[in-house]
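Analysis of the macromolecular model
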Amino acid sequence: MSNDSMLALNTFDPAGVARIDAVTRDLVRRRSSVFGAAVPLFYEQPANFVRAEGVWLYDHEDRPYLDAYNNVPSVGHCHPHVVNAIAQQAARLNTHTRYLSDVVYSYSERLLSTLPDALSKVFFTSSGTESVDLAMRVARYRIGCTRDAGFIVTRFAYHGNSTAVAEITPAFGPGVPIGAHVRTVPAPDGYRNEGDVGEYFATAVEAAIADLTRHGIPFAGMIVDTVFSSDGLFVEPAGFLRRAVEVVRRAGGVYIADEVQPGFGRTGAGMWGFERHGVVPDMVVMGKPMGNGMPIAALVVTDELMDQFVARSEYFNTFGGNTVCCAAASAVLDVIEKEGLIAHAADSGNYLKSGLESLKRKHDSIGDVRGAGLYLAVEFIDPDSDDKAPDAREALRVVNALRARRILISVCGAAGHILKIRPPLVFSRANSDHLLDAMREILADS
Ligand SMILES: Cc1ncc(COP(=O)(O)O)c(C=O)c1O
């Protein structure tokens, strides 16, 4: 694995094995023996969890850890309503999508009703990767191309791990080269770039399209995570994506919104991250929080794109959209609605953000605090540098010091110098106080 890979951030160093307790050490040894080194392990002191509830995870000694990181169990770990829905459906029927099923269509209708009318057809998959892969195929078919159509992504984007998707995932680092048909554009980073973010992002997209054309590569589209998570979380000003999408459409491409991170209410400003930008995508990819941990993901497209796909191909995915996964996903929508989690994400996120901003006022090492709803980033810089030099060492120190206090977060950004705070949506103001108190102590200790 390249040290410049996103997966190399915040990882366990086997040289530190002597510093961990006997139970954990034995698990680390067994993990390494069956996994090898392909799947990095989090933290200087790896964590071994055996149960969870709400925003709390419990280790083998039943010690609680505050989860300020995991967005998959977004309505809370082991939410009883979701657990019941899974258990009841698993006891009744679990099958694939080539039989008729009220459970699956009720969920599909409900899901589609959360999206703009034009987005009216759904493909179910089992992962974000499969959904992105399929979106690429739909975009290629649309322009009559079966391979190597041009795509634009941001410079440290992560979109998944299949062969085709790894080619549009620069976050894997130099060990996994991006495809010759792929162009990257700088992330819309309003902290490091003066001026109009929307303008410079659109200009970069325009230049990337021109370069594809110059190389004789037909342009299929642009795919972006609508909160630019792995690039370092860029959300302001709302609306900045509009101009780039206009450029993409003028050049004959499609805009694919990757909602794997912001989808299902995380930004506190509606169900989908793209809504903040006021422009309707041609395709939407979703996954992670969709089933609160059950492997359900989807690609939603327009009627026209579905027709163009169907003219060439059919689709079947053995596990995608199975009955149990759809029951879980439907229960997730119930909880989001009943517990008012979108409004809660806005309120709780604003509270936490203002606490982080007050830490920033006291510590020059914090260059920026940003984010929307319950997706927040704290960027560490060297205060003595003239150019906001990233300070990954300080970010990692904070992450591991929080881990030592049994609070879970991680880092993002190409340099790994940005704290990524992305808790289950049920995270409360009291949970924020707990996190902020710990950060106050850790920063005072630098
Ligand atoms: C923005 C984004 N897109 C796609 C994916 C791929 O999803 P999966 O891991 O379910 O294949 C991820 C995973 O982290 C992601 O963050």
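This text goes with the structure placed above it.
Everything numeric here is computed off the predicted structure, so don't read it as measured data.

Cut-off values and rules
- Residues numbered from 1 in each chain as written.
- Predicted model: local features only at pLDDT ≥ 70, side-chain atom pairs only at ≥ 80, totals over all residues.
- Heavy atoms only, no water.
- Core = buried A, V, L, I, M, F, W, Y, C linked by side-chain atoms within 4.5 Å.
- Buried < 20%, exposed > 50% of the residue type's maximum accessible area, 1.4 Å probe, protein only.
- Contact = heavy atoms within 4.5 Å.
- Patch = residues over 30% accessible without salt bridge, like charges linked within 9 Å, V, L, I, M, F, W, Y side chains within 5 Å.
- Areas by Shrake-Rupley, 256 points an atom, 1.4 Å probe, with all protein chains shown as cover.
- Salt bridge = Lys/Arg side-chain N within 4 Å of Asp/Glu carboxyl O.
- Helix = DSSP H or I, 4+ residues; strand = E, 2+ residues; numbered from the N terminus.
- Near = heavy atom within 4 Å.
- Polar contact = N/O pair within 3.5 Å; in protein donor to acceptor, adjacent residues only side chain to side chain.
- Nonpolar A, V, L, I, M, F, W, Y, C, P; charged D, E, K, R; others polar.
- Pairing = 2+ DSSP bridges.
- Axes fitted to C-alpha atoms, helices over the stretch in contact; angles between N-to-C directions.
- Disulfide = S-S within 2.5 Å.
- Phe/Tyr/Trp six-rings, centres within 6.5 Å; stacked < 30°, edge-to-face > 60°.
- Expected span 1.5 Å × (residues − 1).

Here we look at the nonpolar core
Judged by nonpolar contacts, the single largest core of 95 residues is most densely connected at Met222 and Leu419. Excluding its chain neighbours within four sequence positions, the residues that come into contact with Met222 are Ile152, Phe201, Val205, Leu241, Ala244, Val245, Val248, Val254, Tyr255 and Ile256.

Notes on a nonpolar patch on the surface
Among the surface-exposed residues, Val34, Phe35 and Val39 lie close enough to one another that they form a single nonpolar patch of about 300 Å² accessible area. Along the polypeptide, Val34 turns up in helix α1 (residues 22-35).

Regarding the environment of Asp364
Tracing the chain through its elements places Asp364 in the loop between α10 (341-362) and β11 (366-372). Asp364 sits in the exposed class, given a relative accessible area of 57%. Those residues within four positions of Asp364 in sequence are excluded, and the remaining contacts are Ile381 and Pro383.

Regarding the site of the ligand
Close to the ligand lie Ser127, Gly128, Thr129, Tyr158, His159, Gly160, Asp225, Asp258, Val260, Gln261 and Lys288. Side-chain polar atom of Lys288 to an oxygen atom of the ligand: 3.0 Å apart, as the coordinates give it. In the shell around the ligand, the residues fall into two nonpolar, six polar and three charged.

Examining the side chain of Asp189
In this structure, Asp189 sits in the loop between β6 (182-185) and α6 (197-214). When its relative accessible area of 9% is taken as the criterion, Asp189 is described as buried. Of the polar contacts made by the side chain of Asp189, one reaches the backbone nitrogen of Tyr191; its length is 2.9 Å. In this view, Asp189 contacts Tyr200 and Phe234; residues no more than four positions away in its chain are not counted.

As for the pairing of strand β1 (residues 49-53)
Pairing between β1 and strand β2 (residues 56-59): four bridges, direction antiparallel. Bridging across to β2, Arg51 finds its partner in Tyr58. Connecting β1 to the next strand, β2, in antiparallel fashion are two residues, including Gly54 with a positive phi near 60°.

Examining the sheet that holds strand β15 (residues 418-421)
The strand order across the open sheet formed by four strands is β11-β12-β15-β14, and the pairing between neighbours is antiparallel. Here the strands that pair on one side only, and so sit at the sheet edges, are β11 and β14 (410-412). Averaged over all neighbouring strand pairs, the angle between strand axes comes to 30°, with direction disregarded. In terms of strand pairing, β14 meets β15 through three bridges, oriented antiparallel.

Some thoughts on the state of the cysteines
Counted under the stated rule, the structure contains zero disulfides. No disulfide involves Cys326; its nearest neighbouring cysteine sulfur is the one of Cys325, lying 7.1 Å away. Looking at Cys326, the relative accessible area reads 0%, which means it is buried.

Some details on the packing of aromatic side chains
According to the stated counting rule, one finds twelve aromatic pairs in the structure shown. Here Phe49 and Tyr65 contribute two aromatic rings whose centre-to-centre distance is 4.9 Å and whose plane-to-plane angle is 80°, an arrangement assigned as edge-to-face. With Phe49 in strand β1 and Tyr65 in strand β3 (residues 64-67), this residue pair connects regions lying 16 residues apart in the sequence. An angle of 65° between the planes, with centres 4.9 Å apart, marks the rings of Phe264 and Trp272 as edge-to-face. Here Phe264 and Trp272 have matching classes, each one buried.

Let's talk about α1
With 14 residues, α1 should reach 20 Å at 1.5 Å per residue; the first-to-last C-alpha distance of 20 Å fits that figure. Taking the backbone nitrogen of Val23 as reference, a side-chain oxygen 3.1 Å away marks Asp21 as the first, capping residue of α1. Gly36 occupies a position one or two residues after α1 and carries a positive phi of about 65°.

A closer look at the pairing of β3
The sheet contact formed by β2 and β3 spans three bridges and is antiparallel. Across the sheet, Leu57 pairs through a bridge with Tyr65, a residue of β3. Two strands pair when backbone bridges link them, and β3 and strand β13 (residues 407-408) are joined in this way by two bridges, in the parallel orientation. Bridge pairing in β13 places Leu66 opposite Ile407.

Concerning the pattern of salt bridges
Applying the stated rule across the entire model yields 21 salt bridges. One salt bridge connects Glu441 with Arg405, and the closest N-O pair in it is separated by 3.1 Å. Here Arg405 lies in the loop between α11 (392-404) and β13 and Glu441 lies in helix α12 (residues 429-444), a separation of 36 residues in the sequence. We classify Glu441 as partly exposed; its relative accessible area is 47%. Judged by its relative accessible area of 34%, Arg405 falls in the partly exposed class.

Brief notes about unusual backbone geometry
A cis amide bond, omega -10°, links Glu236 with the succeeding residue Pro237. With respect to the helices and strands, Pro237 occurs in the loop between β7 (219-225) and α7 (241-250). We note that Phe228 has phi near 55°; this positive angle belongs to a residue other than glycine. Here Phe228 is to be found in the loop between β7 and α7. The class of Phe228 is buried, set by a relative accessible area of 1%. One non-glycine residue, Leu233, lies in positive phi territory at about 70°. When you line up the elements, Leu233 lands in the loop between β7 and α7. Since its relative accessible area comes to 0%, Leu233 is described here as buried.

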